[in-house]
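Coordinates in review
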Amino acid sequence: MTSLLQVVINGILLGSMYGIAAAGLSLIFGTMRIIFLAQGTVIVFFAFVVYWLFVKANIDPYLCLLIVVPFAFLVGLGLFYALFMRAAALEDKNVSLLIAVGLMYLIENAILKVWSASPRGLDISYSSAVISGWGLRIPWLRVALFGLALVSGLVVYLFLQKTRLGMAVRAAAEDMEATTLQGINSGWVCAVSFAVGIGLAGVAGVGMATVYSFDYQFGFTFALKALIALSLGGIGNVFGALAGGLILGVIENLTAYYLSISWIEAVSYGVFILVLIFLPQGLFGKRGVVKKA
Amino acid sequence: MTQEAGVIPEKVEREVPGNRLGAMLGRLMPADRGRRKLVWLGVGLAAVVFFATLPLYYDVANGQLGIFFFTVFTYGIVAQGWNLVAGYTGQISLGQNAFFGLGAFTTALLWFWDITHTGYWFDPVLMILSAIAPAILAILVGLPLLSRLRGDYFAFGTLGTGMIISVIFLNGGKITGGSEGKLLIKVMPEGVVFNLRSHYYVSLMLAILATLVVYFMTSSRVGLALKAIREDEISAASHGINVLKYKIFSFAVAAALAGLAGSVYCYYLLHPMPMNVFAMSWLFLPILMTVLGGTGTIVGPWVGALVVYFIAWYGDKYFPGWHPVILGVIIILVMLFMPAGLAGIGENVTQLWKRGSRAP
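Everything numeric here is computed off the predicted structure, so don't read it as measured data. (Residues numbered from 1 in each chain as written. Chains lettered and ligands numbered in written order. Predicted model: local features only at pLDDT ≥ 70, side-chain atom pairs only at ≥ 80, totals over all residues.)

1. Let's talk about the interface of chain B and chain A
Size of an interface: often given as the accessible area lost when the parts come together. The line we're drawing: Here, residue contact means that the backbone-derived C-beta atoms of the two residues sit within 7 Å. Comment: elements are numbered from the N terminus, with helices defined as DSSP H or I runs of at least four residues and strands as E runs of at least two. Here the nonpolar group is Ala, Val, Leu, Ile, Met, Phe, Trp, Tyr, Cys and Pro; Asp, Glu, Lys and Arg are the charged ones; every other residue, Gly included, is treated as polar.
Facing 42 residues of chain B, the contacting portion of chain A comprises 44 residues. Contributing elements (two or more residues each) for the side of chain B that touches chain A: helix 5 (124-148), helix 6 (151-170), helix 12 (281-293) and helix 14 (323-337) of chain B. Sorting elements by how many residues they give to the side of chain B that touches chain A places helix 6 of chain B first, with 12 residues. For the side of chain B that touches chain A, a count of residues per class yields 28 nonpolar, 8 polar and 6 charged.

Right under this line is the structure:
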């Protein structure tokens, strides 16, 4: 019983990574209607940046948040204006999808060239600290990861609900055309939501650097995991995406516990397909609001 | 297609670049349709004759061009299949690597365990079965996916299916050889010497077959139905087209083509590993080829296959390790500046002729 509880808690804590990534995907999808497939690779890129900051400048990974997140925001703005602004305006969404694929290829192999193929992990002084009690052992870093996910989810939620720009983003997600007619600069709204999405990728990068051992190929798998989390939680709902990530984490850990690690992928994609077919609005999405793609 | 939210209205119209080149080429192309068809037929025949006679004056078995063209043909067959689904039916399939791998493994397994008792080199029985198995999978997967999912959702459904299939083969243990690929094919038929020349010819024939299949499918009533579905599904359905049937049909044909390519590639590898034949490159490179060449055109996938593999081949030679980066840049540039692909230039030609070839 304790071990089952341990598995579930581990799943929730590790799944919060998927949650952050899925929240970013959800924001980008909300306004631009594209699935940003390069999200995972971008996260791995930021994880490498954190790794560099840690190794070269000896900056604590959580302190890196102050550097990485604004940097990620700027990267997001740059990427949007350089690559996606014109493509996002096209009706054919495959153009944006393929640009994202090209970007993924580009970043992945650039990482391979710059940082080589060997997997990395941070060796932080407190990385072995554990909370234990009731027979459970929970590493501090994972708890911190969960906290990171909650805080970033809350920040994005407050941004969307309490600021004028956030309101514009929500409006654009509802109906881009009507939003444009209200005099809102749709390009800027798309740019901001894209940049916030990439900023979340920066947060996820910090999380990945602290908890996982990562290499250049990890990104694509991770993007798919974020996609599964997104479909579980329902598109267009930040907390739904976070919750989807947690559920996916639990599913993966239970699979590893009861079957074997090598079946994780099959089970999580199986759940993904079942959700797509039977619950396309996700577990937390509102019924009847899913727009036909 | 209906306008969707997310489209920024005032920016929808967009100049297709390449008009100047189009205008230049336009003067070379005959104006009426029948004669244009003849020109294309001539180009196609010339290409076929060139590739069929290449082994007569070039040693394809040992020269680099042999393996180069063999790989181009193999990728091109998969690309042509994807083109049928994406370019003509408007459904983005992200599961082609699963069909390719399934084809390769059907050949390998039947051969290794000698189930059909036909031990020929490039066994036609095995190759046909390797085309049928992915087609059946496509129908089984397509029924739930295509009847309920559209657009992005269908793409991700196929992606998930592909992942599941490759995980099953990775965990197949003794039967599939598992992740290390212990399935070594040692039972070469008697009197057969491994010679790339035969690979070259077989892949060339299959490439021609794939092109003909896609051509005849798309220029017949079936193709008309597929294009109608691509343009507007609801309208197509209300005109009496059985949307699901045609979608599944094109999806299954594409899967069969990928399976055929996988089967040929298995005769080249002789040692299929799930890592190799289910690799993502069998998904992304054919898509890149089709898109670069021009989706929804017959020549597009071939032009794209030649260009992409040329870049990959020489990039690997002169900038080792950097060529995927270069490919990434090229995908982005192509999508930004000529989303209709290289064949889009040809499209401009046609349009210019219709307008009386006035310069832009």
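2. Concerning the packing of helix 3 (residues 64-88) of chain B against helix 10 (residues 243-269) of chain B
When two helices pack together, their arrangement is captured by the angle between the axes and the distance separating the axes. Residues and elements named next belong to chain B. The condition that has to hold: Only C-alpha atoms enter the line fits that serve as axes; for helices the fit covers just the stretch in contact. Angles between N-to-C directions range over 0 to 180 degrees. In these notes the angle categories are as follows: under 35 degrees is roughly parallel, over 145 is roughly antiparallel, 65 to 115 is roughly perpendicular, and the rest is oblique.
Following both chains from N to C, one finds helix 3 and helix 10 inclined at 170 degrees, their axes separated by 8 Å at the closest point. The angle between helix 3 and helix 10 falls in the class roughly antiparallel. From helix 3, Thr74, Ile77, Val78, Gln80, Gly81, Trp82, Leu84, Val85 and Tyr88 reach across to helix 10, where they touch Ser250, Phe251, Val253, Ala254, Leu257, Ala258, Leu260, Ala261, Val264 and Tyr265. Looking at the contact of helix 3 with helix 10 residue by residue, the classes come out as 15 nonpolar, 4 polar and no charged.

3. Here we look at the pairing of strand 2 (residues 136-139) of chain A
Every other side chain in a regular strand lies on the same face of the sheet, so the side chains alternate between the two faces. Residue and element names in this part refer to chain A. Applied cut-off: Note: two strands are recorded as paired if DSSP finds a minimum of 2 bridges between them.
Inspection of the sheet shows strand 1 (residues 130-133) paired to strand 2 by 4 bridges, in the antiparallel sense. The partner of glycine 133 across the bridge, within strand 2, is leucine 136. Connecting strand 1 to the antiparallel partner strand 2 that follows it, the hairpin turn spans 2 residues, and tryptophan 134 within it adopts a positive phi of roughly 50 degrees.

4. A look at the environment of Glu265(A)
With respect to the helices and strands, the residue Glu265(A) is situated in helix 11 (residues 264-278). The sequence separation of Glu265(A) and Leu63(A) amounts to 202 residues, and the corresponding C-alpha distance is 33 Å.

5. Notes on helix 13 (residues 300-318) of chain B
Since the α-helix packs 3.6 residues into each turn, any two residues three or four apart lie on the same face. The following threshold applies: Expected helix span is given by 1.5 Å per residue-to-residue step, counting one fewer step than there are residues. Residues with at least 20 other C-beta atoms within 10 Å of their own are called buried, those with 12 or fewer are called exposed, and the rest are partly exposed. The C-beta atoms themselves are positioned from the backbone.
Helix length check: helix 13 of chain B, at 19 residues, gives a terminal C-alpha distance of 27 Å against a target of 27 Å (1.5 Å per residue), a fit within 8%. If you check which residues of helix 13 of chain B are buried, you get Gly300(B), Pro301(B), Trp302(B), Val303(B), Gly304(B), Ala305(B), Val308(B) and Tyr309(B).

6. Thoughts on the confidence of the model for chain B
Residue and element names in this part refer to chain B. Going by this rule: For every residue, the predictor assigns a confidence score, pLDDT, that lies between 0 and 100.
When the pLDDT values of chain B are averaged, the result is 80; 81% of them are 70 or greater. When the elements of chain B are averaged for pLDDT, helix 1 (residues 19-26) gives the smallest value, 57, and helix 10 the largest, 91. Confidence drops under a pLDDT of 50 for residues 1-18, and excluding neighbours within four residues, the segment shows 36 contacts in the predicted structure. Overall fold confidence (pTM) sits at 0.82, and the ipTM for the predicted complex is 0.78.

7. Focus: the confidence of the model for chain A
Put simply, chain A has an average pLDDT of 84, and 96% of its residues get 70 or more. Low pLDDT, under 50, characterises residues 288-293 of chain A; the predicted model gives this stretch 10 contacts beyond four residues in sequence or across chains.

8. Quick look at the packing of helix 1 (residues 2-32) of chain A against helix 5 (residues 140-162) of chain A
All names here are of chain A. Counted only if it meets this: The handedness criterion is simple: a crossing whose near helix is rotated anticlockwise from the far helix by less than a right angle is left-handed, and one whose near helix is rotated clockwise is right-handed.
Viewed as axis vectors pointing N to C, helix 1 and helix 5 meet at an angle of 25 degrees, and their least axial separation amounts to 8 Å. With respect to their mutual orientation, helix 1 and helix 5 come out roughly parallel. Every pair of crossing elements has a handedness; the one defined by helix 1 and helix 5 is left-handed. Residue-level inspection shows Leu13, Leu14, Ser16, Met17, Gly19, Ile20 and Ala23 of helix 1 in contact with helix 5, the latter providing Arg142, Val143, Leu145, Phe146, Ala149, Ser152, Gly153 and Val156. In terms of residue class, the contact of helix 1 with helix 5 is made up of 10 nonpolar, 4 polar and 1 charged.

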